[in-house]
Structure formats: structure tokens, C-alpha cells
Amino acid sequence: AQSVSQHNHHVILSEAASLELGCNYSYGGTVNLFWYVQYPGQHLQLLLKYFSGDPLVKGIKGFEAEFIKSKFSFNLRKPSVQWSDTAEYFCAVTAANQAGTALIFGKGTTLSVSS
Amino acid sequence: KAGVTQTPRYLIKTRGQQVTLSCSPISGHRSVSWYQQTPGQGLQFLFEYFSETQRNKGNFPGRFSGRQFSNSRSEMNVSTLELGDSALYLCASSPDGLGNQPQHFGDGTRLSIL
């Protein structure tokens, strides 16, 4: 069965600190990978996505993620976080090239950034 | 372009009742998916509809059902409500529901069961 594991439940950082959120997935075929963010009081928004090609993908607001196929990982990074990055972050996977495929989400990581 | 619209935003029901939630996808999007979000289980896939047909279904009891209309709007119905059905129900749309199309989410309907 497909599954996504996010290593950190709650991360607390000071502004300007670097961020890395871990994500590992379990799936036997080709996958598409996503990071979504949910700011307080807002809906889930796409942060970045990986379908194929360069394993290092860049998203909005200075976030990037690296797909390491051999490790089944898709970790999210940001060199310097801001107070406005306080949010819940979700890693998700879908089966590639499959119609009607479901997004399988990790349990989420709450990021709290203090100014 | 208007985003995904879900109505109502909040609902309070009692055990045993049934409820219908509505979702209007982004214009031009034909795939609509539904998810349940709870603190304990996180985000879980309920089902996906495309061209009025359910193409995929998650591991939820038959009390959870849905449908899609010819204009791509979708409804989700939960019958015989249980306390454990209290959750945020999210709707997401994409053009064709392919795995390489990011899904766009609505604000959700928060359902509380008393």
C-alpha cells in the first residue's frame, strides 16, 4: 500500500534559520511528488511538485525539494525561514500517469517560526 | 479565475442524521476529489469523480457517497452520522485528474457531530 511518512511532527525555528523537513514514501511504481502548505486559516496550497527530470525542484517563496529515488525521499528545504512561513506542511504522492489517482498525504509537519 | 468553492463552510449535526456537502470546481476542471482531514488521521482520500463517474474510492464505509453533475459540480453525502465523522472535508479539483496535475483545494466544510 502507498504511504507517506513525515519525520517531524512539530518544528520550531527562529527567523533566518535553515529548514529541512523530511519526507519518505512507499510506492512500487513511478510517482509524482508534491509539497502542500496550509497557512493558518487558509486552504491547502501547492508549494512545489516533482514529476520527472531534474530531481531538485524549486517552488514558491524560496522553497526547494530534492527527490532521491534510491532513498524514496523528497525532503523540503529553505535556506532562511521567515515568520510568515509558520504553517503546516504536507508531503504527498500520487501514482504517475494514472487517471483518478488519489493524493496520499503524510501526517503533516507544523512549522512555528519565532521572530 | 475563481478557486474551488465549498458550501457550507460549517455544519453542526447530530448522530444519526445525514448531510450533503457541495463543491464547485475551478472552471474547466472536470476532476473532483474529496478528502477528510482529522487531527488523528490527517488527510485521507474519499473518492474521485470525472465526467459524472466515480473512478477511484478510498477506504471509507458505504455511508460516504458522492456524485458529480454534468457541470462538474460535486456533492458528497454522509448518512447515519457518527461522532467520528467530525472533520474538515476538503474538495480538490484538477483538469483531468491525472497524477501529474496538481490538485487545487477549497477552504473545506467543517462538520461537527454532536
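Residues numbered from 1 in each chain as written. Chains lettered and ligands numbered in written order. Predicted model: local features only at pLDDT ≥ 70, side-chain atom pairs only at ≥ 80, totals over all residues. Heavy atoms only, no water.

Enquirer: So what exactly am I meant to see when it comes to the interface of chain B and chain A here?
Expert: As a measure of interface size, the accessible area lost when the parts come together is often cited. Contact with chain B, which involves 21 residues of that partner, is made by 20 residues of chain A. Taking both sides of the interface into account, the surface hidden between chain B and chain A amounts to around 1700 Å²; carbon and sulfur atoms contribute 58%. Three residues stand out in chain B for area buried against chain A, namely B:Leu43, B:Gly99 and B:Phe105, and they jointly supply 32% of the buried area on that side. Counting every contact that joins chain B to chain A gives six residue pairs in polar contact (both at pLDDT 80 or more). (Contact = heavy atoms within 4.5 Å. Buried area = accessible area lost by both parts, 1.4 Å probe. Polar contact = N/O pair within 3.5 Å; in protein donor to acceptor, adjacent residues only side chain to side chain.)

Enquirer: Is there a simple way to think about the state of the cysteines in this case?
Expert: In protein chemistry, a disulfide is the covalent bond that joins the sulfur atoms of two cysteines. Taken as a whole, this structure holds two disulfides over all chains when the rule is applied. Here A:Cys23 pairs with A:Cys91 through a disulfide, and the sulfurs are 1.9 Å apart. Here the S-S torsion is close to -65°, and the disulfide linking A:Cys23 with A:Cys91 is therefore left-handed. Of this pair, A:Cys23 sits in strand S4 (residues 23-26) while A:Cys91 is found in strand S10 (residues 87-95), placing the two residues 68 residues apart along the sequence. Assigned by exposure class, A:Cys23 and A:Cys91 land together as buried. With a sulfur-sulfur separation of 1.8 Å, B:Cys23 is cross-linked through a disulfide to B:Cys91. Negative torsions about the S-S bond denote left-handed disulfides, and the value of about -60° found for B:Cys23 with B:Cys91 makes this one left-handed. Placement of the pair is B:Cys23 in strand S3 (residues 19-24) and B:Cys91 in strand S9 (residues 87-94), with a sequence separation of 68 residues. (Disulfide = S-S within 2.5 Å. Helix = DSSP H or I, 4+ residues; strand = E, 2+ residues; numbered from the N terminus. Buried < 20%, exposed > 50% of the residue type's maximum accessible area, 1.4 Å probe, protein only.)

Enquirer: Would you explain the sheet that holds strand S8 (residues 74-78) of chain B in this entry?
Expert: In any sheet, the strands associate via hydrogen bonds between backbone groups, in a parallel or an antiparallel arrangement. Residues and elements named next belong to chain B. Strand order in this open sheet of four strands is S1-S3-S8-S7, and the pairing throughout is antiparallel. A single partner strand is all that each edge strand has here, and the edge strands are strand S1 (5-7) and strand S7 (64-68). Strand-to-strand twist of the sheet, defined as the mean angle between neighbouring strand axes without regard to direction, takes the value 20°. As defined by bridge partners, S3 adjoins S8 across five bridges and the pair is classed as antiparallel. When the bridges of S8 are listed, Ser22 appears paired with Glu75. (Pairing = 2+ DSSP bridges. Axes fitted to C-alpha atoms, helices over the stretch in contact; angles between N-to-C directions.)

Enquirer: Teacher, can you tell me more about the layout of surface pockets here?
Expert: Sizing a probe to match a water molecule and rolling it over the atoms shows the empty space that remains. Taken as a whole, the largest pocket spans an internal volume of roughly 430 Å³. Taken together, 19 residues line the largest pocket, and the ones lying closest to its centre are A:Gln2, A:Ile104, B:Leu43, B:Gln44 and B:Phe45. Elements with a contribution of two residues or more to the lining of the largest pocket: strand S11 (104-105) of chain A together with strand S5 (42-50) and strand S6 (53-57) of chain B. Top element by residues in the lining of the largest pocket is S5(B). It accounts for four residues. Broken down by class, the residue content of the lining of the largest pocket amounts to seven nonpolar, ten polar and two charged. (1 Å grid on protein atoms, 1.4 Å probe; cavity = no way out; pocket = protein on both sides within 12 Å on 5 of 7 lines; lining within 4 Å. Points joined across faces, edges and corners; volume = space filled by probe spheres on them. Nonpolar A, V, L, I, M, F, W, Y, C, P; charged D, E, K, R; others polar.)

Enquirer: What's the story with the side chain of B:Ser72 in this structure? I'm lost.
Expert: Turning to its location among the elements, B:Ser72 is positioned in the loop between S7 and S8. With sequence-adjacent residues up to four places away left out, B:Ser72 is seen in contact with B:Pro25, B:His29, B:Arg30 and B:Val32.

Enquirer: Before we go on, may I ask you to explain the nonpolar core in this structure?
Expert: One broad rule of soluble globular proteins: the nonpolar side chains tend to lie buried together. Grouped together as the largest cluster of nonpolar side chains are 28 residues, with contacts concentrated most on A:Trp35, A:Leu48, A:Phe74, A:Leu76 and A:Tyr89. Once residues lying within four places of it in the same chain are set aside, the contact partners of A:Leu76 are A:Leu19, A:Glu20, A:Leu21, A:Trp35, A:Leu47, A:Leu48, A:Phe63, A:Glu64, A:Ala65 and A:Tyr89. B:Val4, B:Trp34, B:Val78 and B:Cys91 belong to the second largest nonpolar core, which has 21 residues in total. (Core = buried A, V, L, I, M, F, W, Y, C linked by side-chain atoms within 4.5 Å.)

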